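Residue-level structural notes
These are the residues of each chain, in order.
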Amino acid sequence: MDAAQATRLLKGVRAAALSGQQPPLVPRPVIGESWDRMLHSGVDPDHDFRTGLLSVEEIEHRRRSSPLAQVLPVLRDGLVSVADAAQHIMVVADGEGRVLWREGSASVLRKADGHGFEVGAEWSEDVVGTNGIGTPLIARRPVQVFSAEHFVRTHHSWTCTGAPLTDPRDGRLLGVIDISGPLDTMHPATLALVTSVTRLAEAELRHLHLSSLDRLRSVVAPMLARMTGRALAVDVHGWTAAVTGMPPVRRLALPRSFSAGRTWLPSLGTCTVEPLPGGWLVRAVEEPDAESPTRIVLDVSNARRWSVTVTGGAGTWSHELSPRHAELLYLLATNRAGRSASALAEDMFGDPARTVTVRAELSRVRRYLGPLLAHRPYRFREDVDVKVITPDHPAHLLPHSTAPAVRSTRATTR
């Protein structure tokens, strides 16, 4: 069908969803789940609500401090000329959904101003509903939002296509790359184009990271050559530049509260930490470890950021979780008796045969939780107190997740 027919059909689907009636066609899962979040959050489907713009000073601060600035040349080369020719604009937003850069067709930029699609504006889901910036931030995957798939009616004349961009060093969500424009200029290949260019930008960040590790390695190699015992130099994200006295490790899982001084790490035990240019020197203390941690708090209450906090005799430390690890630890925390690899594969992928993937992810989790996890079956140790902090409404639980077990929990609340 053409764009006009698709728009009419989608408007009927949206109207039925808002009134609680049976829609003529089920919306795509990523759109249907977003609409459910909007209905539970109380977003007005008929009126556009806008928050205040960031100040010029705050915009410049965010631009300077964001790794997105390093990949702007890649994004411009891959998207701006295409967007301009197609009567669209390229928009780059940060992890909070704030627009930091936008370029493209001058006429479309003027139309975007009328929709509040300006530099400094917030386009998160809970402010403007389902859209090509806020929804990819939540879903953690590329999303195209066509016409009446936008929850707020005033956006129905637009089509928006966004892909989340993550930091390859630590998996942190940096923001969204979006191509938006009037409905009649939409092209079906836009989703593939935005996704591909976003992946190129992530590859550029990975290249820059490897170069920074080389620089750190050149600084620290002479120091490590004179040391005895176990020691390694890592960058601020825990990636190893050099090691001595122990088998090489690709990455050392660092807690969020990492700083110079004496600390405890699951993979090394008690350590001393010294600052380096662009990283840390970590030296293992060859003495019995402090008392094992006894309390774990898994916080999955936020839509875009999740963490695990460990408290015990060695103090308290926190670690920010990737989307996959947030799913995995939630499943283990809510199944204290444990799950086999095949059961976890069924929970996460709907396929009990995907045990290799599950075991690989659990191996990565052990880098920072170490002996706090038991196996056969996989579970948290029985003597560890585990608390899970969940969203106020279960429908908002890990909204990025497509794991059958998580989706089932969300679906029971509709």
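Please read these numbers as outputs of a predicted model, since none were measured by experiment.

**Some words on the overall build of the protein**
- What the protein contains, in helices and strands, is 12 helices and 16 strands.
- Relative to the globule expectation of 22 Å for 414 residues, the C-alpha radius of gyration of the protein, 23 Å, shows essentially globular dimensions.
- Taking all 414 residues of the protein together, 50% fall into the buried category.
- With an accessible surface of roughly 18,400 Å², the protein has 53% of that area assigned to carbon and sulfur atoms.
- The average position of the 48 basic charges and that of the 44 acidic charges among the side chains of the protein differ by 4 Å.

**Considerations on the packing of helix 9 (residues 323-333) against helix 10 (residues 341-349)**
- For the pair helix 9 and helix 10, the least separation of the axes is 11 Å and the interaxial angle reads 125°. With respect to each other, helix 9 and helix 10 are oriented oblique. Here helix 9 runs over helix 10; the crossing is right-handed. Touching Arg324, Glu327, Leu328, Leu331 and Leu332 of helix 9 are Leu344, Asp347, Met348 and Phe349, all from helix 10.
- When the residues that make up the contact of helix 9 with helix 10 are grouped by side-chain class, the tally is 6 nonpolar, no polar and 3 charged.

**A word on the UniProt feature "domain: GAF" (unreviewed entry) in the protein**
- When the UniProt feature table is mapped onto this chain, "domain: GAF" (unreviewed entry) is found at residues 107-205.
- In residues 107-205, helix accounts for 34% and strand for 23%; the two terminal C-alpha atoms are 32 Å from one another.

**Re empty space enclosed by the protein**
- Enumeration over the complete set of coordinates arrives at 3 cavities of 30 Å³ or more.
- In this structure, the second largest cavity encloses a volume near 60 Å³.
- Lining the second largest cavity, in full, are His115, Phe117, Trp123, His150, His155, Trp158 and Cys160.
- Within the lining of the second largest cavity, the residues separate by chemical class into 4 nonpolar, 3 polar and no charged.

**Points about the nonpolar core**
- Counting 37 residues, the largest nonpolar core has Leu329, Tyr368, Leu369 and Phe380 as the members making the most contacts within it.
- Going through the elements one at a time, strand 11 (293-299), strand 12 (306-312), strand 13 (315-321), helix 9, helix 10 and helix 11 (355-369) are the ones with two or more residues in this core.
- It is helix 9 that provides the largest number of residues to this core, a total of 7 residues.
- Setting aside its immediate chain neighbours within four residues, Leu369 contacts Pro266, Val308, Val310, Trp317, Leu329 and Phe380.
- Counting 20 residues, the second largest nonpolar core, distinct from the first, contains Val80, Ala83, Leu174 and Ile179.

**Side note on the pairing of strand 10 (residues 279-284)**
- Along strand 10, 5 of the 6 residues are buried, which leaves the element largely enclosed by surrounding structure.
- In this sheet, strand 10 lies alongside strand 6 (residues 231-235) in antiparallel orientation, the contact comprising 5 bridges. By the bridge assignment for strand 10, Leu232 is matched with Val282.
- When strand 9 (residues 269-276) meets strand 10, the two strands line up antiparallel, connected through 6 bridges. Across the sheet, residue Cys271 finds its bridge partner in strand 10, namely Ala284.

**Remarks on the domain arrangement of the protein**
- Looking at the protein, the domain boundaries give domain 1 (3-207), domain 2 (228-284) and domain 3 (294-412).
- Each of domain 1 and domain 2 has a C-alpha centre, and the two are 39 Å apart.

**Remarks on the pattern of salt bridges**
- Applying the stated rule across the entire model yields 25 salt bridges.
- Two residues, Arg153 and Asp46, come together in a salt bridge whose shortest N-O distance is 3.4 Å. You can see Arg153 sitting in the loop between strand 3 (143-146) and strand 4 (158-166) and its partner Asp46 sitting in the loop between helix 2 (29-41) and helix 3 (56-65), a full 107 residues away along the chain.
- By relative accessible area, Asp46 is classed as partly exposed at 32%.
- Its salt-bridge partner being Arg169, residue Asp167 comes within 2.6 Å of it at the nearest N-O pair. Residue Asp167 shares its accessibility class with Arg169, and that shared class is buried.

The rules behind each value
- Residues numbered from 1 in each chain as written.
- Predicted model: local features only at pLDDT ≥ 70, side-chain atom pairs only at ≥ 80, totals over all residues.
- Heavy atoms only, no water.
- Helix = DSSP H or I, 4+ residues; strand = E, 2+ residues; numbered from the N terminus.
- Rg over C-alpha atoms; globule rule 2.2 N^0.38 Å.
- Buried < 20%, exposed > 50% of the residue type's maximum accessible area, 1.4 Å probe, protein only.
- Areas by Shrake-Rupley, 256 points an atom, 1.4 Å probe, with all protein chains shown as cover.
- Lys, Arg positive; Asp, Glu negative; His and termini not counted.
- Charge placed at Lys NZ, Arg CZ, Asp CG, Glu CD.
- Axes fitted to C-alpha atoms, helices over the stretch in contact; angles between N-to-C directions.
- Parallel < 35°, antiparallel > 145°, perpendicular 65-115°, else oblique.
- Left-handed = near helix turned anticlockwise from the far one by under 90°.
- Contact = heavy atoms within 4.5 Å.
- Nonpolar A, V, L, I, M, F, W, Y, C, P; charged D, E, K, R; others polar.
- UniProt positions renumbered as here; feature names shortened; annotations may be inferred.
- 1 Å grid on protein atoms, 1.4 Å probe; cavity = no way out; pocket = protein on both sides within 12 Å on 5 of 7 lines; lining within 4 Å.
- Points joined across faces, edges and corners; volume = space filled by probe spheres on them.
- Core = buried A, V, L, I, M, F, W, Y, C linked by side-chain atoms within 4.5 Å.
- Pairing = 2+ DSSP bridges.
- Domains from an automatic or database assignment.
- Salt bridge = Lys/Arg side-chain N within 4 Å of Asp/Glu carboxyl O.

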